[in-house]
Amino acid sequence: MKIAVTADVHLRTGGEHPERYVALENILEQTRDIGIKHLIIAGDLFDKEFQNYSEFEALCTKYDDLDLYIIPGNHDPNIADKDIVGANIHIYTEPTVLEVDSTILLFIPYVAGKAMGEEIARAKDKIEGSEKEWVLIGHGEVYGGGGIREVNHLEPGPHMPLTRRAVEEFKPRLALLGHIHKPHEPIPDVHFVGSPCGLDITETGHRQFVVYDTDSGSIEALAVRGEQLYFNESFLIFPAVDEISLLEKEITERIESWNVDPPDHSKIQVRLSASGYSKNRSAVKDALKLGFEGFMAYEDEDPNIEELYSTTDEQLEDVRSRTMELIEECDWDWGVGSEPTRDQVKIAALAAIYGKVS
Ligand SMILES: [Mn+2]
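Residues numbered from 1 in each chain as written. Predicted model: local features only at pLDDT ≥ 70, side-chain atom pairs only at ≥ 80, totals over all residues. Heavy atoms only, no water.

(A) How the structure looks around the overall build of the chain. Within the chain, the secondary structure is distributed over 9 helices and 19 strands. For the C-alpha atoms alone, the extent of the chain along its principal axes is close to 75 × 45 × 35 Å. The buried share of the chain, reckoned over its 358 residues, is 49%. Nonlocal contacts in the chain, meaning residues at least 24 apart in sequence, comprise 70% of its contacts between residues at least 6 apart. (Helix = DSSP H or I, 4+ residues; strand = E, 2+ residues; numbered from the N terminus. Buried < 20%, exposed > 50% of the residue type's maximum accessible area, 1.4 Å probe, protein only. Contact = heavy atoms within 4.5 Å.)

Next up, the structure:
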């Protein structure tokens, strides 16, 4: 059997954030269209300090053939069945097991000040001694190996961390988690399902939800067709004769890389910045504005060129190009956490070559 999973919708009123309802409804629609009967929402269905549930209830009434299984997250830690009313709405406020076919789903609601492992331990008798495999549904951070800590930048933790040790001890077949809004798999078989709608310009790109197949144990990501998409594009500029035409080419490539159909371009909001060294900062800014004129600027912001320095030094062209080539040739597929990115290293190298002339 297939089960749809999302998290971190952060609903407020439809007046404040209609796009969040649109995204959630799109998931409900797709879920129904595929013939899936269950949707899990792994925490932060509602935004913090928000208790107006009537719009959500009305939406659930429209999809009364789907069952919604909800756990609280750190933004909505007090939601309960008695407050949010609907025959198809199920909110778990205690560690709870739901058996679906050959799989046990263990819902671990968010509890402030607890580690996820502590709460799994409370439900240990429900998962041990069963022949069936179990899947963890939770809301929190993941502390992986090597001191890596996955945190939500909008709200530094700790928020109910799941440790690698707890995963090794309790051995879920899979963990499907909310809290970090960007979908990824920080340790094997532990997935952040991703949020259906970016909350602000820092949450960029296409949004997704996942479908879990209890038979195969596999998960599949499906695109959410919402009405708002954020992109945050920064460009590294070198003081070359053709710096503007190079920039124009890169702008075209970036827009193509978004992979958004032209009819959907109106859904996009962009934030732009340029850093590095330029012979003509004003022309860089103009090229950015012109290159992205078909898109809405996030909060009407101008392209940010605060980290773009002007230089007229042409003697250093060869030093610059060779250095950039060498940095490009390195294998960058290793660092995580606090290690600098390739672009950060390039910026540091440019500063060494040109000095910070402004
Ligand atoms: Mn959260």
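(B) Quick look at the packing of aromatic side chains. Taken as a whole and judged by the stated rule, the model has 14 aromatic pairs. Connected via pairs of aromatic rings, a cluster forms that spans Phe-231, Phe-235, Trp-258, Phe-292 and Phe-295. Sitting above the plane of the Phe-235 ring, Arg-254 keeps its charged end 4.1 Å from the centroid. (Phe/Tyr/Trp six-rings, centres within 6.5 Å; stacked < 30°, edge-to-face > 60°. Lys NZ or Arg CZ within 6 Å of the ring centre and 35° of its normal.)

(C) Geometry of the pairing of strand E12 (residues 184–187). In this sheet, strand E13 (residues 190–192) lies alongside E12 in antiparallel orientation, the contact comprising 2 bridges. Within E13, the position partnered with His-184 by the bridge is Phe-192. (Pairing = 2+ DSSP bridges.)

(D) Seen up close, the state of the cysteines. Taken as a whole and assessed by the stated rule, the structure comprises 0 disulfides. Between Cys-60, a free cysteine, and Cys-197, which holds the nearest cysteine sulfur, the sulfur-to-sulfur gap is 17 Å. (Disulfide = S-S within 2.5 Å.)

(E) Representation of the sheet that holds strand E1 (residues 2–6) within the structure. Taken in spatial order, the 6 strands make up an open sheet running E4-E3-E2-E1-E14-E15, and their pairing is mixed. Where the open sheet ends on each side, the last strands, each with one partner, are strand E4 (89–91) and strand E15 (219–223). This sheet shows a mean twist of 25° between the axes of neighbouring strands, independent of strand direction. The pairing of strand E2 (residues 38–42) with strand E3 (residues 67–71) spans 5 bridges and is classified as parallel. In the sheet register, Ile-41 faces E3, and the bridge partner there is Ile-70. (Axes fitted to C-alpha atoms, helices over the stretch in contact; angles between N-to-C directions.)

(F) Region of interest: the coordination of the manganese ion. Note on the manganese ion: its protein donors are Asp-44 (OD), Asn-74 (OD1), His-139 (NE2) and His-179 (ND1). The metal-donor distances range over 2.1 to 2.3 Å. For His-139, a relative accessible area of 0% corresponds to the buried category. Assessed through its relative accessible area of 0%, His-179 is described here as buried. (Donors = N, O, S within 2.8 Å, 3.2 Å for Na, K, Ca; no water.)

(G) Up close: the pattern of salt bridges. Taken as a whole, this structure holds 22 salt bridges when the rule is applied. A salt bridge links Asp-65 to Arg-32, with the nearest nitrogen and oxygen atoms 2.9 Å apart. In this pair, Asp-65 sits in the loop between helix H2 (54–62) and E3 while Arg-32 sits in helix H1 (residues 18–34), placing the two residues 33 residues apart along the sequence. A relative accessible area of 32% places Asp-65 in the partly exposed class. Taking relative accessible area as the criterion, Arg-32 reaches 32% and is therefore assigned partly exposed. Where Glu-133 meets Arg-173, a salt bridge forms, and the shortest distance between an N and an O atom there is 3.1 Å. In this pair, Glu-133 is assigned in strand E7 (residues 133–139) and Arg-173 in the loop between helix H5 (164–170) and strand E11 (174–178), connecting sequence segments 40 residues apart. (Salt bridge = Lys/Arg side-chain N within 4 Å of Asp/Glu carboxyl O.)

(H) Region of the structure containing the nonpolar core. Within the largest apolar cluster, 31 residues are counted, with the highest numbers of intra-cluster contacts made by Leu-24, Leu-45, Phe-46, Phe-56, Leu-68 and Ile-70. It is H1 that contributes the most residues to this core, 5 residues altogether. Among the nonpolar cores identified, the runner-up in size contains 22 residues, and Met-116, Ile-127, Trp-134 and Phe-170 belong to it. (Core = buried A, V, L, I, M, F, W, Y, C linked by side-chain atoms within 4.5 Å.)

In short, the description is geometric, and any link to function would need to be established separately.
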